[in-house]
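Structural description and commentary
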Amino acid sequence: MQYFSLNKNAPRVGFEEAVIQGLAPDRGLYFPESITPLPHSFFKNIENLSREEIAFEAIKQFVGDEIPENELKQIIAETLCFDFPCVPVEEDIYSLELFHGPTMAFKDVGARFMSRCLGYFNRHSDKKVTVLVATSGDTGGAVASGFLGVKGVEVIILYPSGKVSEIQERQLTTLGKNIKALEVDGVFDDCQDMVKKAFLDDSLKHKNLTSANSINIARWLPQMFYIFFAYQQLKKHNKPLILSCPSGNFGNICAGIMAKRLGLPIAHFVASTNANDTVPRFLAAGNYEPKPSVATISNAMDVGNPSNFIRIQQLYRFNLEEFEKDFTSHSFSDTETEKAIQDIHHRTQYIAEPHGAVGYLGLKKEMAKQSDSLGVFLETAHPIKFLDVVEPLLDLKLPIPKQIESVLDKEKISVKIKTYEDLKTFLS
Ligand SMILES: *Cc1c(COP(=O)(O)O)cnc(C)c1O
């Protein structure tokens, strides 16, 4: 499979090159040159397939012959080492729980898949790749855990000092080995700016820097897997499916639309956002005006200019009319989100965290318009990761899951930095 840059000003590359580069040289996102739907028989028979078989069919055309079939199957098996249950919350509404992995957020899937692809590409080479990521919390932990011990890959995570939760900080500072944490005296945007600057810095070319957020195709594409798993579980109800994704950089929802292009019968997509409402405003007013992000309680979605939105537009060939038939986007305030967490728990006993609750709200709004459908919202993180919000709202104490317990007593190791020069010194 060849990938082209959505800025249309860079050479086409294969899967390996696109993964190693992350972003094309013209700063555009990579996009596959063709998308071939899966045969009808695959969907007819999906309930009889294993998760590994489904994932392999979904991704194989995008990898092509650059990873041999048996190696790709091994990568998939290691990626999918946990469950993705669709849990009934209320009549016709399900929560697709994506938080049963090692760091308890959906980003485990993409991080594990990408790290193993890089490990494969480096199998015979002494060339080192440096994964550089800025995190506001969840990405860092998933990347640290997913890339731990992968051959030829060094991971450097920048996080804002004092601005991530204690659990999140432990997840990214305690692993050691090839994982290094830089504690930045600043906010998330400062971390992000330093990373962007490093990617553009010619004097760092020899470091082979790449990114591990959803702009990287090896993080984005495997996120299709669990949308297929949701369909596999809910197909028996024989109702049109509405999928609501709590959205920040719009990677998950873009993977969902990609799955639909492969033939997966999803009737409608809802991109649910917090106060960072660039996309809902675009759909309401017709002009795309990104603005600086604002802080909310669903902080993994505090994104002012969602990087994958351009891929979604490409999937609809920039035809707004076609796009709006399949896609709606709604924004919710923190107050509405808090109320939803309480209301869901009060009525159903289900404990949602802020991101899932935003997804739930968007789903309810859409389902009020489309009766006789079945709704799924993504529960993208475990409530324990947002215990500061959830516990006081519900007046309860959440038990600490074993994945989290295992990092709490480990020693934090980080290097404090303040400026871009500090980062350069650290890198060289
Ligand atoms: C990253 C993240 C999101 C946003 O996902 P996108 O694919 O960037 O839209 C939502 N919830 C949680 C918990 C996250 O960590």
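As annotated in an unreviewed UniProt entry, the protein carries the name Threonine synthase and comes from Flavobacterium cheonhonense. Recorded in UniProt for the protein, the comment headed Cofactor (unreviewed entry) runs: "pyridoxal 5'-phosphate".

In this section: the UniProt feature "domain: Threonine synthase N-terminal" (unreviewed entry) in the protein. When the UniProt feature table is mapped to this numbering, "domain: Threonine synthase N-terminal" (unreviewed entry) covers residues 2-79. The span residues 2-79 shows a helical share of 46% and a strand share of 12%, and its end C-alpha atoms are spaced 24 Å apart.

Turning next to the site of the ligand. Around the ligand, a shell composed of 15 residues is seen, among which K107, D138, G248, N249 and T380 lie nearest. Contact between the ligand and G248: an oxygen atom at 2.8 Å from a main-chain N or O atom of the residue. Contact between the ligand and G251: an oxygen atom at 3.1 Å from a main-chain N or O atom of the residue. Its residues assigned to classes, the shell around the ligand comprises 6 nonpolar, 7 polar and 2 charged.

By volume, the second largest pocket amounts to about 240 Å³. Forming the boundary of the second largest pocket are 16 residues, of which S165, K385, F386, L387 and D388 lie nearest the centre. Grouping the constituent residues of the lining of the second largest pocket by class yields 8 nonpolar, 4 polar and 4 charged.

Attention now moves to the packing of aromatic side chains. This model, assessed by the stated rule, comprises 20 aromatic pairs. With a centroid separation of 5.2 Å and 55° between ring planes, the pair formed by Y316 and F323 is classed as tilted. Take Y316 and F323: they sit in the same class, and that class is buried. Through successive ring pairs, a cluster of aromatic residues spans F250, F282, Y288, F309, Y316, F323 and F327. Over the face of the ring belonging to Y120 we find R123, whose NZ or CZ atom lies 3.9 Å from the ring centre. Between the NZ or CZ atom of R261 and the centre of the ring of Y316, over which it lies, the distance is 4.7 Å.

Our focus in this paragraph is helix α6 (residues 138-147). For α6, the tally of buried residues reaches 9 of 10 residues, placing the bulk of the element in the interior. Turning to α6, its buried residues are D138, T139, G140, G141, A142, V143, A144, G146 and F147. Here the buried face of α6 lies against α5 (107-121), β6 (129-134), β7 (153-160), α7 (166-173), β8 (179-184) and α9 (217-220). In the stretch just after α6, G149 is the one whose phi turns positive, near 80°.

The rules we used
- Residues numbered from 1 in each chain as written.
- Predicted model: local features only at pLDDT ≥ 70, side-chain atom pairs only at ≥ 80, totals over all residues.
- Heavy atoms only, no water.
- UniProt positions renumbered as here; feature names shortened; annotations may be inferred.
- Helix = DSSP H or I, 4+ residues; strand = E, 2+ residues; numbered from the N terminus.
- Near = heavy atom within 4 Å.
- Polar contact = N/O pair within 3.5 Å; in protein donor to acceptor, adjacent residues only side chain to side chain.
- Nonpolar A, V, L, I, M, F, W, Y, C, P; charged D, E, K, R; others polar.
- 1 Å grid on protein atoms, 1.4 Å probe; cavity = no way out; pocket = protein on both sides within 12 Å on 5 of 7 lines; lining within 4 Å.
- Points joined across faces, edges and corners; volume = space filled by probe spheres on them.
- Phe/Tyr/Trp six-rings, centres within 6.5 Å; stacked < 30°, edge-to-face > 60°.
- Buried < 20%, exposed > 50% of the residue type's maximum accessible area, 1.4 Å probe, protein only.
- Lys NZ or Arg CZ within 6 Å of the ring centre and 35° of its normal.
- Contact = heavy atoms within 4.5 Å.

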